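# Topology and contacts: notes
The lines below spell out each chain.
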Amino acid sequence: MKMKKIVLIFLSVMVLGRLTSVSAQPTGWQNRQKVRENLVTLRLLRLTQALDLTEEQAARIYPVINRIEKEKADIQKQMSADIADLRRLVNEQAPREADIDAKNRKIKAARESIRVKDVELDEFLEKNLTTVQKARYLLFQIEFYRVLNDRLDRMRMMRNKPLPAKKK
């Protein structure tokens, strides 16, 4: 139990450190990458709490989750570039269908690769969690992403909300 608290404190410090780190103005992609890393770290922290992971489980699970998330991020980075290329191709005066078809296939393959990575993670966790932890993981996934979507929706609404008029 004491080790679990140490792990949670360590992860909390990592999340806070990443959130409060001061650096030069990063590019849009670097911002997205940092947000993605912070979400993965937050998810690991919450996952540890929700599943009540043992030290041994955490030591086995964390490296696999980190590896898979990094691989997915790399795939998504390339897919984003391909989507931008596809937009450019579609908007050309005389789009070449062969080029568009090739980009379509590449994007679909990337999406499939991400799905395969998600299945790989699920299979790994299936082998390394107890029955109760598997059920908690399923519930955790649903709740974590529901809350995340709710918060993102609220942030979008606030961003699009007009500012109150200043009093003179």
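This text follows the structure it describes.
Okay, so let's go over this structure. (Residues numbered from 1 in each chain as written. Predicted model: local features only at pLDDT ≥ 70, side-chain atom pairs only at ≥ 80, totals over all residues. Heavy atoms only, no water.)

## Observations concerning the overall build of the protein chain
What the protein chain contains, in helices and strands, is 5 helices and 0 strands. Tracing the protein chain from N to C terminus, the helices and strands come up as α-α-α-α-α. The burial tally for the protein chain puts 26% of its 168 residues in the buried class. Put simply, 73% of the contacts in the protein chain that link residues at least 6 apart link residues at least 24 apart. Accessible area for the protein chain stands at about 12,500 Å²; split by element, carbon and sulfur atoms hold 59% of it. (Helix = DSSP H or I, 4+ residues; strand = E, 2+ residues; numbered from the N terminus. Buried < 20%, exposed > 50% of the residue type's maximum accessible area, 1.4 Å probe, protein only. Contact = heavy atoms within 4.5 Å. Areas by Shrake-Rupley, 256 points an atom, 1.4 Å probe, with all protein chains shown as cover.)

## Points about the side chain of Glu69
One can find Glu69 in helix H3 (residues 55-90). With residues near it in sequence (within four places) discarded, Glu69 still touches Arg36, Val40 and Arg43.

## With respect to the environment of Pro95
Mapping Pro95 onto the fold places it in the loop between H3 and helix H4 (97-128). Those residues within four positions of Pro95 in sequence are excluded, and the remaining contacts are Leu89, Val90 and Ile100.

## Focus: the nonpolar core
If you look at the biggest cluster of nonpolar residues, it comprises 17 residues, and the most contacted ones within it are Leu121, Leu129 and Tyr137. If we skip the residues at most four places from it in the chain, Leu129 touches Leu51, Leu53, Gln57, Ile61, Lys134 and Tyr137. In this structure, Ile75, Met79, Ile100 and Ile107 belong to the second largest nonpolar core, which totals 8 residues. (Core = buried A, V, L, I, M, F, W, Y, C linked by side-chain atoms within 4.5 Å.)

## Observations regarding the packing of aromatic side chains
Considering all chains together, one arrives at 2 aromatic pairs under this definition. A ring pair is formed by Phe144 and Tyr145, whose centres lie 5.3 Å apart and whose planes are at 90 degrees; its orientation type is edge-to-face. One aromatic cluster is present, formed by Phe140, Phe144 and Tyr145 through successive ring pairs. (Phe/Tyr/Trp six-rings, centres within 6.5 Å; stacked < 30°, edge-to-face > 60°.)

## A few points about the pattern of salt bridges
Counting across every chain of the model gives 19 salt bridges. Here Lys72 ties to Glu69 by a salt bridge, and the two come within 3.7 Å at their closest N and O atoms. Of this pair, Lys72 and Glu69 both sit in helix H3, 3 residues apart, which is roughly one turn of the helix. The pair formed by Lys72 and Glu69 is uniform in burial state, with each residue classed as buried. Where Lys117 meets Glu120, a salt bridge forms, and the shortest distance between an N and an O atom there is 3.7 Å. Of the two residues, Lys117 and Glu120 are both situated in helix H4; the distance of 3 residues between them amounts to about one turn of the helix. Given the relative accessible area of 19%, Lys117 is considered buried. Counted as one network, the salt bridges with shared partners bring together Arg43, Glu69, Lys72 and Asp118. (Salt bridge = Lys/Arg side-chain N within 4 Å of Asp/Glu carboxyl O.)

## Topic: the packing of H3 against H4
How two helices pack is summed up by the angle between their axes together with the distance between the axes. Between H3 and H4, whose axes approach to 9 Å, the crossing angle comes to 170 degrees. If you check the angle between H3 and H4, you find them roughly antiparallel. The two elements H3 and H4 cross, and the hand of that crossing is left-handed. When grouped by side-chain class, the residues that make up the contact of H3 with H4 number 17 nonpolar, 6 polar and 13 charged. (Axes fitted to C-alpha atoms, helices over the stretch in contact; angles between N-to-C directions. Parallel < 35°, antiparallel > 145°, perpendicular 65-115°, else oblique. Left-handed = near helix turned anticlockwise from the far one by under 90°. Nonpolar A, V, L, I, M, F, W, Y, C, P; charged D, E, K, R; others polar.)

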